[in-house]
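Summary of the model geometry
As a plain string of letters, each chain reads:
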Amino acid sequence: MAFQTRRQVTLGLSLGALWPWASVQAQNPSEAALEAVAPAMPRVGDVLKVPSIRLLTGQDFQHDRQPLLLYWWSSTCPFCALQSPSMQGLWQAQKSRGLRMLALSIDKKPEDAQAYLKKRGYTFPSAWASPEWRKQFPKPKGLPITLLMDSQHKVLLAEKGQMFAEDVEAIPRLL
């Protein structure tokens, strides 16, 4: 029994050395359970209806008949940290042109998401996707997740994992 414990500790330390983000913050059991049963990515052409949700600013967000960019993220996700500056740039460049954006945080608490956004100066519309809300609109497996929908709610883009800056900048060309 003692040998297994030492081995497990050694394995954990070596993984942490190889992948520094592995030890940043473990998923809480409810997040791990949600990820285990997460659906596959939607396909291009699928029609999705995003339920209304309260933004971290306190405003209500409803998916209407405008193009919508959905961005699932977490303050503990290293790939999200690399993609979020590009998402902020896209939001700044496209918000006056009719593109709506909804960034959905899967942090443990909404306060974690708010602190992260404030510290980095991100202003894109964000909401905390609580486990309860995600029963209505489950997050696909993986993170970050980027979905673009047209005005008819049809998926035009479905990407799992970090997108490069030039790929994020090209998103409006899909509309």
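Throughout what follows, the structure given in this document is the object of discussion. Just so we're clear, the structure is a prediction, and the values are computed from it rather than from any experiment.

About the thresholds
- Residues numbered from 1 in each chain as written.
- Predicted model: local features only at pLDDT ≥ 70, side-chain atom pairs only at ≥ 80, totals over all residues.
- Heavy atoms only, no water.
- Phe/Tyr/Trp six-rings, centres within 6.5 Å; stacked < 30°, edge-to-face > 60°.
- Helix = DSSP H or I, 4+ residues; strand = E, 2+ residues; numbered from the N terminus.
- Buried < 20%, exposed > 50% of the residue type's maximum accessible area, 1.4 Å probe, protein only.
- Core = buried A, V, L, I, M, F, W, Y, C linked by side-chain atoms within 4.5 Å.
- Contact = heavy atoms within 4.5 Å.
- Patch = residues over 30% accessible without salt bridge, like charges linked within 9 Å, V, L, I, M, F, W, Y side chains within 5 Å.
- Areas by Shrake-Rupley, 256 points an atom, 1.4 Å probe, with all protein chains shown as cover.
- Salt bridge = Lys/Arg side-chain N within 4 Å of Asp/Glu carboxyl O.
- Lys, Arg positive; Asp, Glu negative; His and termini not counted.
- Charge placed at Lys NZ, Arg CZ, Asp CG, Glu CD.
- Pairing = 2+ DSSP bridges.
- Axes fitted to C-alpha atoms, helices over the stretch in contact; angles between N-to-C directions.

Overview of the packing of aromatic side chains
Applying the stated criterion to the full structure yields seven aromatic pairs. Between W72 and W133 the ring centres are 6.2 Å apart and the planes differ by 45°, which places this aromatic pair in the tilted class. Of this pair, W72 sits in strand β3 (residues 68-73) while W133 sits in the loop between β5 (126-128) and β6 (145-149), and the two are 61 residues apart along the sequence. Across the pair, W133 and W72 agree in class, each one buried. Both rings, one in Y116 and one in Y122, keep their centres 6.4 Å apart while their planes meet at 50°; by these two values the pair is tilted. Its relative accessible area of 7% is what places Y116 among the buried residues. Among the aromatic residues, those joined into a ring-pair cluster are Y71, W73, Y116, Y122 and F124.

Considerations on the nonpolar core
Of all hydrophobic cores here, the largest spans 22 residues; its most connected members are L69, Y71, W73, M87, M101, F124 and I171. Counting residues per element, the ones that place at least two in this core are β3, α3 (78-94), β4 (100-105) and α4 (110-120). Among the elements that line this core, the one with the most residues is α3, at four residues. With residues up to four places along the chain from it excluded, the contact list for M101 reads F61, L68, L69, Y71, M87, W91, F124 and P125. Core analysis: the next-biggest nonpolar cluster, separate from the first, contains 19 residues, L70, L104, W133 and M149 among them.

Concerning a negative patch on the surface
Together, E159, E166, D167 and E169 line one region of the surface with negative charge. Here the negative patch takes three residues from helix α5 (residues 165-169), the largest share from any one element. Among the secondary structure elements, D167 is positioned in helix α5.

What about the side chain of S86?
Mapped onto the elements, S86 comes out in helix α3. Classification of S86 as buried rests on a relative accessible area of 17%. Every residue in contact with S86, bar those within four places of it in the chain, is listed here: A165 and V168.

Re the pattern of salt bridges
Inspection of the entire model under this criterion finds four salt bridges. Note that D46 is salt-bridged to R43, the shortest N-O span being 3.9 Å. Residue R43 is classed as exposed on the basis of its relative accessible area of 60%. Between R54 and D60 there is a salt bridge, with the nearest N and O atoms lying 3.0 Å from each other. One exposure class covers both R54 and D60, and it is exposed.

Topic: the sheet that holds β4
Sheet architecture is open: five strands sit in the order β5-β4-β3-β6-β7, paired in mixed fashion. The strands lining the two open edges of the sheet, one partner per strand, are β5 and β7 (155-160). Neighbour to neighbour, the strand axes of the sheet diverge by 15° on average, direction disregarded. Relative to β4, β3 runs parallel, the two sharing six bridges. Within β4, the position partnered with L68 by the bridge is R100. Across the face of the sheet, α3 comes into contact with β3, β4 and β6 while running at roughly 155° to β3.

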